[in-house]
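What follows is the residue order along each chain.
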Amino acid sequence: MYGNRILIITALLLLAIPTVGCWNSVDINEKAIVAGAGIDKALEEGKIDVYVQLIIPGRVQNAAGSGSQATLTPDAVWVASATGNTVFNAIRDCSLKSGRKLLWSHSKVLVIGEELAREGIDKVMDLFERDHEFRRKTWVLISRGSAKDIMEASPEYERIPVFEMDSIIRGYGATSKIAPQDLNKFLGKISSKTTCAFTAGIEEISSERLRRENKVSSFRLSGTAVFKNYKLVYWLDAYETRGLLFVTGKVESGIVEIKCPQEESKTIAFEIIRAGSKIKPEIRDGELVITVEIHEEGNVGEGQFAGIDLTVPENISLLEKRKADAIKKEVEGVIKKAQQFNTDIFGFGEAVYRKYPGEWKEMEKNWDEIFPRLEVQVKVDAKIRRTGLISNPARIK
Amino acid sequence: MLEGGKISNNQLVKLFLITVSSTAILFGPTISYRYARQDSWLSIILAAVYGIVLISIITSLGMIFKGKTIIQYSEIAVGKVLGKPISLLYCLFFIYINAFVVREFSELLVGVFLPETPMGFFTIAIIIASTYAVRKGLEVIARINDLFFPLYVVAFIAVFALVIQEMDFKNLAPVLAEGFMPVLEGAYINTVWFSEAIIAAMFIPYINKPGKTFKPLLLAVILLGLVGALTLIGVVATFGSQIELLEYPVLSLARYIRASDFLIRADPFIVFMWIAGVFVKIAVFHYCAVLAIAQLLSLKDYRPLVMPIGIILAVLSIVLFSNIIELINQIERLIPVLGLVIQGGIPAVLLIVAKLRKRGK
């Protein structure tokens, strides 16, 4: 009996050897790990260029070990490219060059070239939702130029360019001046009948330092690309972007600057601690009016030795009012621009649907006529809570 | 006695929860959303009311015909001429519905995780496992389930908790925008969550305290309603109208998680829930089928049937549907109707007839 048991246990343990692993297991060193991808319109009409940024694992490791030598080691990535009628075909063709099969599950960013974006992205997005290797958490960025330049640009702080983009995006809250969207949110808006999609832009930059290191260029995230019917229509600048984020309640932090009321040459900067918004649609006498209510709280961050007494409550309320006006200006600026281009990036239509589902059915059909002439009231309530470690700016007494 | 083992009420509740939720969580939300949109969670709650009615019918039948399964008491209730065909119908139904489950099981694994593996591989693997479990009897299936249950609950909660920061609960408004009809249509689809209470009609005789099954089953239905409502609230809040396009919204939800730099993949939670949960489900229906056939034919032992039925299941799961579109279409068109008629309607008729006859005596 005892011997029997040992036999069974041995048999089971032996069974463990052939049963581990999958049907078509591929070792990690036979795969090429994709950090991110870029898509451009190809020179040939109707075709698409795909650029795939592949991580070279050995070089990432070297860099970590060599410490200060990091900047002198070669790039830890390699960009493969191919052209095709469909993205899928082009991506597969990339493995003609890489040799290894591409592993997409760690891909973080998808960059779309401006030219392709202006022509329409409807032909290139399907694969990223359909294929099981892609993740809906992938960031979508629009290049102000070609996606190729961005994919081939060098990182300045991280080792892998796409990882640098990823960390910039995840730190967006510090400024709230970029509005990056992941695939899920971007596609959600792009497939909406009335809401227009937007996402952050990325541009190539060059500098003296990069040239010294024989690198072509680097990149930075800037502005917001706005889409209507799959097409890129216009760009928002940094403050318009923050206005948009104020309306949608996605401002995390950032700096608001105002001129000092007592001394016009000085600027006072406030740090946003928290901000929120409410979009309230209302039908008054058959006319739709949207009220955007923004609540913001912040601290005095910098005073430039300005001549204002911050220990006086009246001065604080005056500054609160000025700050509210500054935020209101950002918000009204972006609303005006969005109405001018007839793009409902704020989801006003959806807010109306939530409150007036019955009336919305009629409005939805005519939303393109209603939105540009919509009356939007902006109410900003800005608070100053603290002044930091000092109260008054230092002055010559 | 065909089955010597006994299970507790507690085990029945857990079996019921996992049997239903394992497939409903993954295949349910998209179909439900097509009808009731953002009010889908309401329609599940409405369907839970039907679930409560159904379990009260089944437990009442269990009280009237003590120690007997629905296969045995159907002929007592309505006579041999009608009773035998009804029992046969149940035998066939348990096999047919299980063919769906086996196919769903293989389809998800092939479609999402291991696309190059032949589908038959998964089908054969799960059938071998299920055959083994069923041969060991009800008690063993219930105990495996006891083992899986806490992990299953943790996995379910983890998936939703980790993605909560991406949810936008505004997607759930407006409530009842299109009136009550879509919610009713959605409730009709969502009855599939609760029709499977029929397994209780097979298991009640094997419970150690057969008189006290209603309360635990009621708890199971309420929990199931909550799980369903939470699932739909979660996916609607995360994906909005995008759900319509998603084949498996809860899986997409798990893949959407990026809680931190290193915790970025929650697919294994779903794979665990899927393999463990669906294994239990397949074993439960496999067991129901062989037990039903053995009782119908008055056999002394059900074990000789286990392997042949397993082979039939594997073959049916492959030949019944040629692709996933057909599978999902049939789930949407056939399962709710069959559920309401066979799993809900027949027990109701049996109960009415049994009560009338009793009064007549």
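Calculation rules
Residues numbered from 1 in each chain as written. Chains lettered and ligands numbered in written order. Predicted model: local features only at pLDDT ≥ 70, side-chain atom pairs only at ≥ 80, totals over all residues. Heavy atoms only, no water. Helix = DSSP H or I, 4+ residues; strand = E, 2+ residues; numbered from the N terminus. Contact = heavy atoms within 4.5 Å. Areas by Shrake-Rupley, 256 points an atom, 1.4 Å probe, with all protein chains shown as cover. Lys, Arg positive; Asp, Glu negative; His and termini not counted. Charge placed at Lys NZ, Arg CZ, Asp CG, Glu CD. Salt bridge = Lys/Arg side-chain N within 4 Å of Asp/Glu carboxyl O. Buried < 20%, exposed > 50% of the residue type's maximum accessible area, 1.4 Å probe, protein only. Core = buried A, V, L, I, M, F, W, Y, C linked by side-chain atoms within 4.5 Å. Axes fitted to C-alpha atoms, helices over the stretch in contact; angles between N-to-C directions. Parallel < 35°, antiparallel > 145°, perpendicular 65-115°, else oblique. Left-handed = near helix turned anticlockwise from the far one by under 90°. Nonpolar A, V, L, I, M, F, W, Y, C, P; charged D, E, K, R; others polar. Buried area = accessible area lost by both parts, 1.4 Å probe. Polar contact = N/O pair within 3.5 Å; in protein donor to acceptor, adjacent residues only side chain to side chain. pLDDT = per-residue confidence, 0-100. Arc of directions from axis to C-beta.

So, the overall build of chain A
Each helix and strand in chain A was counted, giving 14 helices and 14 strands. Dimensions of chain A along its principal axes, counting C-alpha atoms only, are 85 × 65 × 65 Å. Once local pairs closer than 6 in sequence are excluded, the contacts in chain A between residues at least 24 apart make up 71%. With an accessible surface of roughly 20100 Å², chain A has 53% of that area assigned to carbon and sulfur atoms. Within chain A, one finds 57 positive and 56 negative side-chain charges whose respective centroids are separated by 3 Å.

Some remarks on the pattern of salt bridges
All names here are of chain A. One pass over the full model with this rule turns up 36 salt bridges over all chains. Notably, a salt bridge pairs Glu 364 with Lys 193, separated by 3.9 Å at the nearest N-O pair. Residue Glu 364 is found in helix H13 (residues 357-365), and its partner Lys 193 is found in the loop between helix H8 (183-190) and strand S8 (198-205); the two are separated by 171 residues along the sequence. By relative accessible area, Lys 193 is classed as exposed at 73%. A salt bridge links Arg 385 to Glu 297; the nearest nitrogen and oxygen atoms lie 3.3 Å apart. Of the two residues, Arg 385 is situated in strand S14 (residues 375-386) and Glu 297 in strand S13 (residues 287-302); the sequence distance between them amounts to 88 residues.

Observations regarding the nonpolar core
Core analysis: the largest hydrophobic core is formed by 133 residues, its most contacted members being B:Phe94 and B:Phe203. Tallying contributions element by element places helix H12 (residues 267-296) of chain B first for this core, with 20 residues. When neighbours within four sequence positions are excluded, B:Phe203 is seen to be in contact with B:Leu12, B:Leu15, B:Leu138, B:Val284, B:Tyr287 and B:Cys288. Counting residues in each nonpolar core, the second largest holds 74 residues, with A:Val251, A:Val334, A:Ile335 and A:Trp367 among its members.

Quick notes on the packing of helix H4 (residues 80-113) of chain B against helix H13 (residues 303-319) of chain B
All names here are of chain B. Across the interface, H4 lies against H13 with an axial gap of 8 Å and an inter-helix angle of 60°. With respect to each other, H4 and H13 are oriented oblique. Crossing angle aside, the handedness with which H4 passes H13 is right-handed. Note on element contacts: H13 touches H4 through Ile 309, Ile 312, Leu 313, Leu 316, Ser 317 and Ile 318, opposite Ile 95, Asn 98, Ala 99, Val 102 and Arg 103. Classifying every residue of the contact of H4 with H13 gives 8 nonpolar, 2 polar and 1 charged.

Things to note about the interface of chain A and chain B
Chain A puts 27 residues into the contact, and the matching count from chain B is 29 residues. Interface area, chain A with chain B, both sides summed: about 2500 Å², of which 45% is carbon and sulfur. A:Lys361 is the salt-bridge partner of B:Glu178, the closest N and O atoms lying 3.2 Å from each other. Between chain A and chain B we count 14 residue pairs in polar contact (both at pLDDT 80 or more) in total. Those elements giving two or more residues to the side of chain A that touches chain B turn out to be helix H7 (161-170), H8, helix H12 (348-355) and H13 of chain A. For the side of chain A that touches chain B, the element with the most residues is H8(A), which contributes 4 residues. Here the side of chain A that touches chain B is composed, by residue class, of 7 nonpolar, 7 polar and 13 charged.

As for the side chain of A:Asn342
With respect to the element layout, A:Asn342 can be found in the loop between helix H11 (313-340) and H12. Not counting the four nearest positions on each side in its chain, A:Asn342 is found in contact with A:Lys228, A:Asp368, A:Phe371 and A:Pro372.

Overview of the confidence of the model for chain B
Taken over all residues, the pLDDT of chain B has a mean of 89, while the share at 70 or more is 98%. On the interface metric, ipTM, the complex scores 0.82, and its pTM is 0.87.

Regarding the side chain of B:Thr30
Residue and element names in this part refer to chain B. Examined against the element boundaries, Thr 30 turns out to sit in helix H1 (residues 9-36). The class of Thr 30 is buried, set by a relative accessible area of 6%. Among all residues touching Thr 30, those that are not within four sequence positions of it are Ile 243, Glu 244, Leu 246, Glu 247 and Pro 249.

As for the packing of helix H10 (residues 238-248) of chain A against H11(A)
Residue and element names in this part refer to chain A. H11 packs onto H10 with a crossing angle of 95° between their chain directions and a minimal axis gap of 8 Å. With respect to their mutual orientation, H10 and H11 come out roughly perpendicular. Together, Tyr 239, Glu 240, Arg 242, Gly 243, Leu 244, Phe 246 and Val 247 of H10 and Ile 327, Glu 330, Val 331, Val 334, Ile 335 and Lys 337 of H11 make up the contact between the two elements. A per-class count over the contact of H10 with H11 returns 8 nonpolar, 1 polar and 4 charged.

Quick word on H12(A)
Residues and elements named next belong to chain A. Of the positions making up H12, those classed as buried are Phe 348, Gly 349, Ala 351 and Val 352. Projected onto a plane normal to the axis of H12, the buried residues spread over an arc of 160° and lie on a single side. The inward-facing, buried residues of H12 contact H10, strand S12 (267-284), S13, H13, helix H14 (367-370) and S14.

Structural notes on the environment of A:Glu156
Residues and elements named next belong to chain A. Relative to the elements of secondary structure, Glu 156 occurs in the loop between helix H6 (147-152) and H7. Judged by its relative accessible area of 37%, Glu 156 is partly exposed. In the structure, Glu 156 is positioned 26 residues away from Arg 130 in sequence and 34 Å away in space, judged by C-alpha atoms. Those residues in contact with Glu 156 that lie beyond four places of it in its chain are Glu 164, Ile 205, Arg 209, Leu 210 and Ser 218. Side-chain polar atoms of Glu 156 contact the side chain of Ser 218, separated by 3.3 Å.

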